[in-house]
Amino acid sequence: MSAAYFITGTDTDVGKTTIAAGLLHAARQAGKSTAAGKPVASGCQLTPKGLRNADALALLAECSLSLRYDEVNPVAFEPAIAPHLAAREAGVALTVQSLLKPMQQILARQADFTLIEGAGGWRVPLADQDNLSDLAMALKLPVILVVGVRLGCISHALLTAEAIARDGLPLAGWVANIIDPKTSRLEENLATLAERLPAPCLGRVPKLKHARADAVAEYLQLDLLD
């Protein structure tokens, strides 16, 4: 059976792509077919083939299905700024409807394991009153939350989980990505997260010198997902 999830984070730069690539790699190791989508990405490099985003390329590298870059990342912006601001500067109407169809097309490929990765945290603005969380709602996907473990992460994680529940989506699991291994009372913080987040912890990923997908996959447990 195919399974698909929307992956979000407690903030920007908390390792969403690192964890997403690790999850995809773990699925491939388990013999599953994989696909991924990064509906909108800012901070892209101009190449002879067009704008390319490092996060989207990392996801594409872990897709076992044959997907084009523009299928994985249909909307790309060069400036490394909030997507709604980049879209406004580029004169692009960035709405849920503009992102929904390409992500539905990826889901329609029916890979065994599919991830759609957001940008930044849960409530990232698009155009008008649309948010990227509205795309997850439109896709009706359960959510995997990447918690960037550092001082202050507990509040960010709990508030994000509350927002996800309020939006009517299930939290399928969460991953502790240890951004700051010197966080005071690290174990106690992780225990509090485990007690209070209403979903299983899929893994604790230490700060790795080389956070390749295969290295990250070793710390993740896909079998804890429903």
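Thresholds applied
- Residues numbered from 1 in each chain as written.
- Predicted model: local features only at pLDDT ≥ 70, side-chain atom pairs only at ≥ 80, totals over all residues.
- Heavy atoms only, no water.
- UniProt positions renumbered as here; feature names shortened; annotations may be inferred.
- Pairing = 2+ DSSP bridges.
- Helix = DSSP H or I, 4+ residues; strand = E, 2+ residues; numbered from the N terminus.
- Axes fitted to C-alpha atoms, helices over the stretch in contact; angles between N-to-C directions.
- Contact = heavy atoms within 4.5 Å.

- As named in an unreviewed UniProt entry, the chain is ATP-dependent dethiobiotin synthetase BioD, taken from Pseudomonas extremaustralis.
- Its UniProt record, at the heading Sequence similarities (unreviewed entry), says of the chain: "Belongs to the dethiobiotin synthetase family."
- Regarding the chain, the relevant UniProt record gives this comment under Pathway (unreviewed entry): "Cofactor biosynthesis; biotin biosynthesis; biotin from 7,8-diaminononanoate: step 1/2."

### Section: the sheet that holds strand E7 (residues 113-117)
Two pairing modes exist for strands in a sheet, parallel and antiparallel, and in both the strands are linked by backbone hydrogen bonds.
Phase 1: Reading across the sheet, the six strands line up as E2-E7-E1-E8-E9-E10 and stay open at both edges, with parallel pairing between neighbours. Two strands bound the open sheet, and with one partner strand each, they are strand E2 (34-37) and strand E10 (201-205). Within the sheet, the average angular offset between the axes of one strand and its neighbour, ignoring direction, is 20°.
Phase 2: The pairing of E2 with E7 spans four bridges and is parallel. When the bridges of E7 are listed, Ala35 appears paired with Thr114.
Phase 3: Here helix H1 (residues 16-29) sits on the sheet in contact with strand E1 (3-9), E2, E7, strand E8 (143-149), strand E9 (171-178) and E10, set at roughly 170° to E7.
Phase 4: Those strands touched by helix H5 (residues 96-107) are E1, E2 and E7, and its axis lies near 165° from that of E7.

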